Amino acid sequence: MSVAPAELESPATEFAPATPYICLVWNDPINLMSYVTYVFMQYFGYSREKSEALMWDVHNKGRAVVNAGSREEMERDATAMHEYGLWATVQKDD
Amino acid sequence: MSRPFKRKKGAVVAKLDGNERRVLLHLCDEIVELLSDDSTSEAPQWARDLGLAGVGEQRETPTDPVVARLLPDAYEDAEQAGEFRRLTEAGLRAKKLSHVEVVRRDLEQDPPVVITDGVQQWLAFLADCRLVLGTRLGVTEDDLMWPGLNPQKNLYLYLAFLQQSLVDVLIGE
C-alpha cells in the first residue's frame, strides 16, 4: 500500500470564507479600450453593454470590481486577467 | 491600410507580409527571452512546459519593470502578493510562453496565416507585446501617439492596429 501524496498547497486555503473577495482590474495606459471590453465579454461572459460599462469604470475611476466570490475564484479570475495582459488584484470585500 | 485580420469560413485569416511575419517572430523570441525562468533551467523540459518547475519557490516582484508588467502582483499587500506569486508565477510564465508557441506555429506556415484554434492566444500575445514595448517607451495616458522616427514607437502603434483589427473580427464589426 502506498502512502497518499501530501496535498499540494493551493493559493486559497480558507474554508468557506465569511467575507467574500473581489477581483479588481486596474487602469493602464497601454491596453486598448476595445480589447479590455472584449476580454470582459469573452472571459466573464458579460454582455457587451456591461463589459463596456466596466471598461469605462476602469478608465475613468482607475479601477473597477469585475467579479466577487470566494478567494479561490477571485484568484483564478485575476490570473486569467494576467494571462490576457490586464492587471488585476484580489482583495477582501470589506 | 487594409484590415490584417478577416474571418473566412469559420477561421480567422491574417494577411501578413514577410516583413510583418518576421517582426512578429522577432517579438516571439523577445517574449521567450523575457519570460524564460533561469531559476528552473535545471528542471526537465516537460515540467517547465507545464509550469510545474519552480512552483513553491520564494519569488519577489520582478525587478525589470517590463517583466513585472507581464507578471504583475495579484495583491496590493506585499506579503500576500509574494505568497500568491510563489504558487502561481511559474504557471503564468508557462501559459504566456505557450501563447508564443501557438503564434510562432501559425507564423511559420505558408501565408496566408490561418488561425484555427489559437485566436485567444494571438490576442494575449499581441497584448503582451504591447505591454513590453509600451512599458519600455514609458507610455502614459496623455501621450499623443503618432508614427514618427522612433522604430519602437512605430512598432507599438502597428501592434495596436493589429490588435484592434483582431478584436473587430471577434466582436463582429
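Placed above this text is the structure.
Residues numbered from 1 in each chain as written. Chains lettered and ligands numbered in written order. Predicted model: local features only at pLDDT ≥ 70, side-chain atom pairs only at ≥ 80, totals over all residues. Heavy atoms only, no water.

A look at a positive patch on the surface
On the surface, R3(B), K6(B), K8(B), K9(B) and K15(B) cluster together into a positively charged patch. Owing to a relative accessible area of 43%, R3(B) belongs among the partly exposed residues under this scheme. (Patch = residues over 30% accessible without salt bridge, like charges linked within 9 Å, V, L, I, M, F, W, Y side chains within 5 Å. Areas by Shrake-Rupley, 256 points an atom, 1.4 Å probe, with all protein chains shown as cover. Salt bridge = Lys/Arg side-chain N within 4 Å of Asp/Glu carboxyl O. Lys, Arg positive; Asp, Glu negative; His and termini not counted. Charge placed at Lys NZ, Arg CZ, Asp CG, Glu CD. Buried < 20%, exposed > 50% of the residue type's maximum accessible area, 1.4 Å probe, protein only.)

So, the packing of helix α5 (residues 119–137) of chain B against helix α6 (residues 151–171) of chain B
Residues and elements named next belong to chain B. Where α5 meets α6, the closest approach of the two axes is 9 Å, and the angle between their N-to-C directions is 155°. The angle between α5 and α6 falls in the class roughly antiparallel. Along this stretch, α5 crosses α6, giving a crossing that reads as left-handed. Taking contact as the criterion, the partners of V119, W122, L123, L126, A127, C129, R130, L133, G134, R136 and L137 in α5 are, on α6, Q152, K153, L155, Y156, L159, A160, L162, Q163, L166, V167 and L170. Here the contact of α5 with α6 is composed, by residue class, of 16 nonpolar, three polar and three charged. (Axes fitted to C-alpha atoms, helices over the stretch in contact; angles between N-to-C directions. Helix = DSSP H or I, 4+ residues; strand = E, 2+ residues; numbered from the N terminus. Parallel < 35°, antiparallel > 145°, perpendicular 65-115°, else oblique. Left-handed = near helix turned anticlockwise from the far one by under 90°. Contact = heavy atoms within 4.5 Å. Nonpolar A, V, L, I, M, F, W, Y, C, P; charged D, E, K, R; others polar.)

Brief notes about a nonpolar patch on the surface
Residue and element names in this part refer to chain B. Side chains of W46, L50 and L52 sit close together on the surface and give an oily, nonpolar patch of about 380 Å² of accessible area. Relative to the elements of secondary structure, L52 occurs in the loop between α2 (45–49) and α3 (65–70). Of the residues examined, L52 reaches a relative accessible area of 51% and is grouped as exposed.

A closer look at the pattern of salt bridges
Overall, the coordinates contain 15 salt bridges over all chains when judged by the stated rule. One salt bridge connects R48(A) with E52(A), and the closest N-O pair in it is separated by 3.4 Å. With R48(A) and E52(A) both in helix α2 (residues 48–61) and four residues apart, the pair spans about one turn of that helix. Among the residues examined, R48(A) registers a relative accessible area of 29% and is labelled partly exposed. We classify E52(A) as partly exposed; its relative accessible area is 31%. As a salt-bridge pair, R93(B) and E89(B) come within 2.8 Å of each other at their nearest N and O atoms. With R93(B) and E89(B) both in helix α4 (residues 78–107) and four residues apart, the pair spans about one turn of that helix. Judged by its relative accessible area of 11%, R93(B) is buried.

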